[in-house]
Amino acid sequence: MSTNNYRSFAVAGVGNTVGLPIVNSLLARNVSVVVLSRSSSNKTFPVGTKVVSVDYSDLDTLTAVLRENAIDVVISTLAVNGLDAQYPLADAAKAAGVKLFVPSEFGAPTGGATEGIQAQKGKFAGKTLHPFATGLFQELVPRVSGVQDSGKFLILGNGDTPLSLTAIPDVGEYLAHVLTTLAPEQLNNVELRIEGQRATFRELAELYKGKLPTEFVDSIPKDLPLAGIMEWLQRYAEMGAISTGYDSSLKKDDPTLAGSANKLYPGYKFRTVKETLGL
């Protein structure tokens with residue numbers, strides 16, 4: 001690792017998905033990791049992290065925390081319902097002289113989006129920020145397909161449009177690798193599009209063949225938990241928009257862009273959905 005590489009990281013929104021794997025992968029590389037945690041949180045974090053309680057509405061305090069800890073990179077893993085906190089966090093990062101801000105853009109590409117959740121996330125994908133698209137987390141396939149709650153693999157529409165799927169541990173490992181090994185000039189203003197596996201919902205359903213039935217539906221049954229989110233995700237996938245090659249402004253998927261940043265971690269073996277789910 002060159003002395004010019006990033007050495008000090010602050011991670012915000014470390015919850016139950018991608019935040020903790022990122023923290024663990026950074027710690028494994030012997031860099032400084034500060035976890036920004038809301039004062040109301042009672043979570044515990046890995047040994048080796050420095051935990052600082054923050055109020056995301058207090059710009060001055062946020063700035064001071066980042067400056068006092070000489071943070072090079074701020075990584076936001078804030079959930080959708082906490083995305084508003086990214087605005088003051090990004091402002092504080094700029095004021096504190098942070099070199100790179102990684103927005104909470106773990107999912108479908110947001111570049112060019114003009115409405116909905118993707119547009120809100122895309123506001124952080126500007127020149128001074130670092131977009132990072134992963135597609136659907138592989139661990140969410142049982143929930144999004146209805147397997148977890150209905151005992152059937154539900155496919156909305158034809159289910160024949162490819163989507164990108166990446167395992168959560170791979171996201172953490174990949175991000176830690178590129179942030180600690182690549183020269184900073186290779187990362188600024190760069191779109192990172194990774195992909196653990198490319199598959200359609202029909203192909204994913206085949207993984208459950210002989211275990212449970214597949215059912216094609218016109219809508220997700222409303223009695224299922226999170227039915228609205230499941231339906232939105234499957235419809236979004238049917239558009240090609242959960243491929244990491246998707247461009248919202250063109251409303252078109254470019255398969256050559258999907259997973260185009262995998263090459264920045266030579267030799268790394270991304271997990272398949274079958275491996276992740278133990279099917």
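What comes next is a walk through the structure. (Residues numbered from 1 in each chain as written. Predicted model: local features only at pLDDT ≥ 70, side-chain atom pairs only at ≥ 80, totals over all residues. Heavy atoms only, no water.)

This structure, assessed with the given rule, holds 10 salt bridges. In this structure, the salt-bridge partner of K152 is E215, at a minimum N-O distance of 2.8 Å. Here K152, found in the loop between α6 (147-150) and β8 (153-156), pairs with E215, found in strand β12 (residues 214-217); they are 63 residues apart in sequence, far enough to count as distant. A relative accessible area of 30% means that E215 is categorised as partly exposed. Across the salt bridge formed by R198 and D253, the nearest N and O atoms sit 2.6 Å from each other. One end of the pair, R198, is in strand β11 (residues 197-199); the other, D253, is in strand β14 (residues 252-253), and 55 residues separate them in sequence. One continuous salt-bridge network, built from bridges that share partners, spans E195, R198 and D253. (Salt bridge = Lys/Arg side-chain N within 4 Å of Asp/Glu carboxyl O. Helix = DSSP H or I, 4+ residues; strand = E, 2+ residues; numbered from the N terminus. Buried < 20%, exposed > 50% of the residue type's maximum accessible area, 1.4 Å probe, protein only.)

What follows is about the packing of helix α1 (residues 19-27) against helix α7 (residues 168-181). Packing of α1 against α7 leaves a shortest axis separation of 8 Å and a crossing angle of 45°. What the angle tells us is that α1 and α7 run oblique. Here α1 and α7 pass one another in a crossing that is right-handed. Counted together, P21, I22, S25 and L26 of α1 and I168, P169, G172, E173, L175, A176 and T180 of α7 form the full contact between these two elements. (Axes fitted to C-alpha atoms, helices over the stretch in contact; angles between N-to-C directions. Parallel < 35°, antiparallel > 145°, perpendicular 65-115°, else oblique. Left-handed = near helix turned anticlockwise from the far one by under 90°. Contact = heavy atoms within 4.5 Å.)

The subject of this paragraph is helix α3 (residues 86-95). Among all positions of α3, only Q86, P88, L89, A90, A92 and A93 are buried. As for α3, its buried residues are in contact with β1 (8-12), β2 (32-38), α2 (59-68), β4 (73-76) and β5 (100-102). Looking one or two places after α3, you find G97, whose phi comes out positive at around 80°.

This paragraph deals with the sheet that holds strand β9 (residues 163-166). As summarised here, the arrangement of the three strands in space is β7-β9-β11, forming an open sheet in which the pairing is mixed. Single-partner strands in this sheet number two, and they are β7 (136-137) and β11. Both β9 and β11 contribute to a ladder of three bridges, which runs antiparallel. Residue pairing for β11: S164 is matched across the bridge by R198. (Pairing = 2+ DSSP bridges.)

Evaluation of the coordinates by the stated rule reveals eight aromatic pairs. Seen from their ring centres, F106 and F132 are 5.6 Å apart, and the 80° between their planes marks the pair as edge-to-face. One end of the pair, F106, is in the loop between β5 and α4 (116-122); the other, F132, is in strand β6 (residues 132-133), and 26 residues separate them in sequence. Residue F132 is classed as buried on the basis of its relative accessible area, which comes to 0%. Arranged with centres 5.9 Å apart and planes meeting at 15°, the rings of F132 and Y174 form a pair that is stacked. (Phe/Tyr/Trp six-rings, centres within 6.5 Å; stacked < 30°, edge-to-face > 60°.)

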